[in-house]
Amino acid sequence: ARIGRRPLEPLALVTLTFPVLPMKAAMGTLPAAADGWAYEIKWDGYRTLIFVDGPNVRLQSASGKDVTHRWPELSDLAGSVNASTAILDAELVVFDDHGRPDFGLVQQSGFGTDREAVLHVFDVLSIDRTDTIGLAYLDRRRLLEALVEPGDNWLIPAHRVGDGTALLAATAAQQLEGVIAKRVDSVYRPGTRAKDWIKIKNRTVVELVVGGYTEGTGHRAGTFGALLLGRPDGNALAFAGGVGTGFTHDALDSIAAQLRAIETESSPFATLPPAKHRQRAHWIEPTLTAVVEIAEFTNDGLVRHASFISLSDMAG
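Residues numbered from 1 in each chain as written. Predicted model: local features only at pLDDT ≥ 70, side-chain atom pairs only at ≥ 80, totals over all residues. Heavy atoms only, no water.

**Student:** When you look at the pairing of strand β13 (residues 193-201) in this model, what are you seeing that I'm missing?
**Tutor:** Both faces of the sheet carry side chains from a regular strand, because those side chains alternate between them. Judged by how many residues are buried, β13 sits mostly within the fold: seven of nine residues are covered. Examined bridge by bridge, strand β3 (residues 24-27) and β13 share four bridges and lie parallel to one another. Residue pairing across strands places Ala 26 opposite Ile 198, the latter belonging to β13. (Buried < 20%, exposed > 50% of the residue type's maximum accessible area, 1.4 Å probe, protein only. Helix = DSSP H or I, 4+ residues; strand = E, 2+ residues; numbered from the N terminus. Pairing = 2+ DSSP bridges.)

Here it is, written out as structure tokens:
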């Protein structure tokens, strides 16, 4: 097999066929060791695998679905691949008017809309019907950079070896999601979530008003499922989503007692929350505030990936 003019020694007969479940990163913090890790920006989009076969391109979602039809702007990618066949791993990103990745726009885009996707291709699983998953991360990156030429809707994002603290700080300053740390000698393990890859997310702490809660189920049947949150909007309270994680067992019991004591018949939100949040919902007087950690607010003003920190009473 060849990539351009560079010979590639055969590694193994191809074993990967559509669909291939991607390797995923474990959630964590920056590695303590300074050596042995490479870092990439974590782009906020859809995980996408690309199957190139001659002039044809097939796109696969992380769950294994064929999504080729949704992104026609990526149909010419094969012309930028220096091999007859290849399997690539990427993050499909849509940028807003300020040049920042916007997950909400990814959900709205596709099918030939005016918001075009950009593939950030960060790994290669197979080249010319030869698997590369058994190679070390840095070796796969070198092959990838020779394999894929950048185009209007695809690129090879940069990576750096070491100094993850500086890259994480840079992503926070640019309001990006975070970084992925990868062991430089790590192989690619399809369908696994391995600690050889660690995702480190930038998080924001916000204080929001509690306007209600949902009934708990299962082991939370005697307490509650999630707090329903709101953001002040003038003299009104705009619904801001819910938070159902981050509670200790003792906190669930204590908070449940506070919630029941201030229940009310009517919703304190200016407009009713979406139906999925109203199921088994109870309303309360908006006198409590919750401190929560979030990834961001969505375009609809809802918290994303929220985790509870603490609760306080606005009255004192």
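**Student:** I'm lost on the layout of surface pockets in this one. Help?
**Tutor:** To find leftover empty space, one rolls a probe the size of a water molecule over the atoms. Space inside the largest pocket adds up to approximately 650 Å³. Together, 30 residues line the largest pocket, and Thr 298, Leu 302, Val 303, Arg 304 and His 305 are the ones closest to its centre. Only α1 (103-108), β16 (236-243), α5 (275-278), β19 (296-297) and β20 (303-304) provide two or more residues apiece to the lining of the largest pocket. Top contributing element to the lining of the largest pocket by residue count: α1, with four residues. Class assignment of the residues belonging to the lining of the largest pocket gives a composition of eight nonpolar, 12 polar and 10 charged. Looking at the second largest pocket, its volume works out to about 520 Å³. Contributions of two or more residues to the lining of the second largest pocket are made by β3, β4 (37-42), β12 (178-183) and β13. Examining the composition of the lining of the second largest pocket, we find that four residues originate from one element, β13, more than from any other. Counted by class, the lining of the second largest pocket contains 10 nonpolar, two polar and 12 charged residues. (1 Å grid on protein atoms, 1.4 Å probe; cavity = no way out; pocket = protein on both sides within 12 Å on 5 of 7 lines; lining within 4 Å. Points joined across faces, edges and corners; volume = space filled by probe spheres on them. Nonpolar A, V, L, I, M, F, W, Y, C, P; charged D, E, K, R; others polar.)

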